[in-house]
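Coordinate inspection notes
Here are the chains, one letter per residue:
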Amino acid sequence: MRHIISLLIENEAGALSRVAGLFSARGYNIESLSVAPTEDASLSRMTLVTRGSEEIVEQITKQLNKLVDVVKLLDLTEGAHIEREMMLIKVQASDSSGRDEVKRLADIFRGNIIDVSNTSYVVELTGDSCKLDAFIRALGDTPILETVRCGSMGIPRGEKSLHV
């Protein structure tokens, strides 16, 4: 099963390395990873996506909680949450019909065309991974020149939150 684990960690050199090392040392895979400072400059928020049985994910969370750098941890998959991923995709758009089709698809998927050249468009899309995958499929024969995706980010819905 897919799990989204959100952590508050000390914003110090080596904290990310220790979390990644924990996963590699035990043979666990990180599907995606996103880290950035929070409103508190001493903390960073890390969101990682992994797959495993309930027992494996429970073991992962126990091991993460033992790390000195981890201040707080929350498995977002256990409750209602909002999940988003961002994608930048550069597609060939050298003729007017290709340009019109990419523009139409970007509008349908609520994306933004953020760069235009004589031969390509760069489209920015935000949503869950299924939406981003659907956009890629909808492009059909339109040549994709480059794709960049950030890892999933998530936040609990409602009253629940991850804070110290």
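Structural notes, computed from the coordinates. In this text, all values refer to a predicted model and were calculated from it rather than measured experimentally. (Residues numbered from 1 in each chain as written. Predicted model: local features only at pLDDT ≥ 70, side-chain atom pairs only at ≥ 80, totals over all residues. Heavy atoms only, no water.)

**Observations regarding the pattern of salt bridges**
Within the structure shown, the criterion is met by eight salt bridges. Members of the salt-bridge network, linked through shared partners, are E85, D133 and R149. (Salt bridge = Lys/Arg side-chain N within 4 Å of Asp/Glu carboxyl O.)

**Comments concerning the state of the cysteines**
Enumeration according to the criterion identifies zero disulfides in this entry. Cysteine C130 remains unbridged, with the sulfur of C150 as its closest cysteine sulfur at 15 Å. Here C150 falls in the partly exposed class, since its relative accessible area comes to 29%. (Disulfide = S-S within 2.5 Å. Buried < 20%, exposed > 50% of the residue type's maximum accessible area, 1.4 Å probe, protein only.)

**Comments concerning the nonpolar core**
In terms of nonpolar packing, the biggest core is built from 16 residues, with I5, L7, V19, F23, L48 and L64 touching the most fellow members. Elements that contribute at least two residues to this core include exactly β1 (2–10), α1 (15–25), β3 (43–51), α2 (54–66) and β4 (70–75). Of the residues forming this core, the biggest block, four residues, is contributed by α1. The contacts of I5, once residues within four sequence positions are left out, are M46, T47, L48, T50, V57, I60, T61, L64, L73, L74 and D75. Counting 14 residues, the second-largest nonpolar core is a separate cluster that includes A93, L105, A106 and V123. (Core = buried A, V, L, I, M, F, W, Y, C linked by side-chain atoms within 4.5 Å. Helix = DSSP H or I, 4+ residues; strand = E, 2+ residues; numbered from the N terminus. Contact = heavy atoms within 4.5 Å.)

**Some thoughts on the side chain of E83**
Along the polypeptide, E83 turns up in strand β5 (residues 81–92). In terms of polar contacts, E83 uses its side chain to reach the side chain of R2, at 2.6 Å. A distance of 3.1 Å separates the side chain of E83 from the side chain of S152, its partner in a polar contact. (Polar contact = N/O pair within 3.5 Å; in protein donor to acceptor, adjacent residues only side chain to side chain.)

**Section: the packing of α1 against α2**
Relative orientation of the contacting elements α1 and α2 amounts to 145 degrees, with a least axis distance of 11 Å. Considering only the axes of α1 and α2, their crossing is right-handed. For the pair α1 and α2, the contacting residues are V19, L22 and F23 in the first and I60, Q63 and L64 in the second. Considering only residue class, the contact of α1 with α2 consists of five nonpolar, one polar and no charged. (Axes fitted to C-alpha atoms, helices over the stretch in contact; angles between N-to-C directions. Left-handed = near helix turned anticlockwise from the far one by under 90°. Nonpolar A, V, L, I, M, F, W, Y, C, P; charged D, E, K, R; others polar.)

**Here we look at the sheet that holds strand β2 (residues 32–37)**
Within the open sheet, the four strands sit side by side as β2-β3-β1-β4. Their pairing is antiparallel. Only two strands of the sheet have a single partner each, and these edge strands are β2 and β4. The sheet shows a mean angle of 15 degrees between the axes of neighbouring strands, taken without regard to direction. Examined bridge by bridge, β2 and β3 share six bridges and lie antiparallel to one another. The partner of S32 across the bridge, within β3, is V49. This element, α1, spans β1, β2 and β3 of the sheet and lies at about 20 degrees to β3. (Pairing = 2+ DSSP bridges.)

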